[in-house]
Amino acid sequence: MRKHILHPQAAPDEREIPVASIATVFVTSEEADHPIDYAFDAQRGPGGTRWVAEKAGEQTIIIAFDTPQAIGHVSLEVEEREMSRTQELQLSVSNDGGKTYREVCRQEFNFSSGGATFEREAWALSEAKATHVRLWIKPDKGGKPCCASLTSLVLR
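Residues numbered from 1 in each chain as written. Predicted model: local features only at pLDDT ≥ 70, side-chain atom pairs only at ≥ 80, totals over all residues. Heavy atoms only, no water.

### With respect to the confidence of the model for the chain
Atom-level detail of predicted coordinates should not be read off regions where pLDDT is low.
Point 1. Of all residues in the chain, 91% have pLDDT values of 70 or greater, and the mean over the chain is 91.
Point 2. Confidence scores differ between elements of the chain, with strand 5 (residues 102-111) showing the lowest mean pLDDT of 93 and strand 1 (residues 23-27) the highest of 98. (pLDDT = per-residue confidence, 0-100. Helix = DSSP H or I, 4+ residues; strand = E, 2+ residues; numbered from the N terminus.)

### As for the nonpolar core
One broad rule of soluble globular proteins: the nonpolar side chains tend to lie buried together.
Point 1. W51, I63, L76, L135 and L150 are the most contacted members of the largest nonpolar core, which totals 31 residues.
Point 2. Elements with a contribution of two residues or more to this core: strand 3 (59-79), strand 4 (85-94), strand 5, strand 6 (118-138) and strand 8 (152-155).
Point 3. If one sorts the elements of this core by residue count, strand 3 sits on top with seven residues. (Core = buried A, V, L, I, M, F, W, Y, C linked by side-chain atoms within 4.5 Å. Buried < 20%, exposed > 50% of the residue type's maximum accessible area, 1.4 Å probe, protein only.)

### A short note on the environment of I62
Point 1. Note that I62 resides in strand 3.
Point 2. Judged by its relative accessible area of 22%, I62 falls in the partly exposed class.
Point 3. Residues I62 and L91, 29 residues apart in the sequence, show an inter-C-alpha distance of 9.9 Å.
Point 4. When residues no more than four places from it in sequence are discounted, the contact partners of I62 are T24, V25, F26, Y101, H132, V133 and R134. (Contact = heavy atoms within 4.5 Å.)

### Looking at the packing of aromatic side chains
By convention here, two paired aromatic rings are described through the distance between centres and the angle between planes.
Point 1. Within this structure, the stated rule accounts for one aromatic pair.
Point 2. Consider the rings of F109 and F111, whose centres lie 6.4 Å apart with planes at 45 degrees: the pair is tilted.
Point 3. Between R134 and the ring centre of Y101, over which it is positioned, the NZ or CZ distance is 4.0 Å. (Phe/Tyr/Trp six-rings, centres within 6.5 Å; stacked < 30°, edge-to-face > 60°. Lys NZ or Arg CZ within 6 Å of the ring centre and 35° of its normal.)

Right, here's the structure in full:
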């Protein structure tokens, strides 16, 4: 018997954008053991690989696409098991080669070492020709000296 297992195809607007092969990612800092590459790998969920900033304080991640992309959804995950903090982030999109950005959303994640340690968010967008996506992160809204982190950033 000949057989082949068919895997359901995602609808065209639900396919993940392969950031690693069609964009350049700029980041303000990264730990050697936790590079930005980890935010775009398939190791997601609690305990997944993650990007961690090398320096404490505000961080920026910019995805510069080789050609404009249609983006219908953005999802991200953040995990913090060691420190209680409120991480704030802002997601912005540019359609003009990174000259100007428009804020799409602003979100806060509250982490407690004895409680909430993992957050996942997803947002619907309607970007037909995004040239850049920018994620600004403030690792602790209260000003504690700590490093930003991101388990995954998925664009569809």
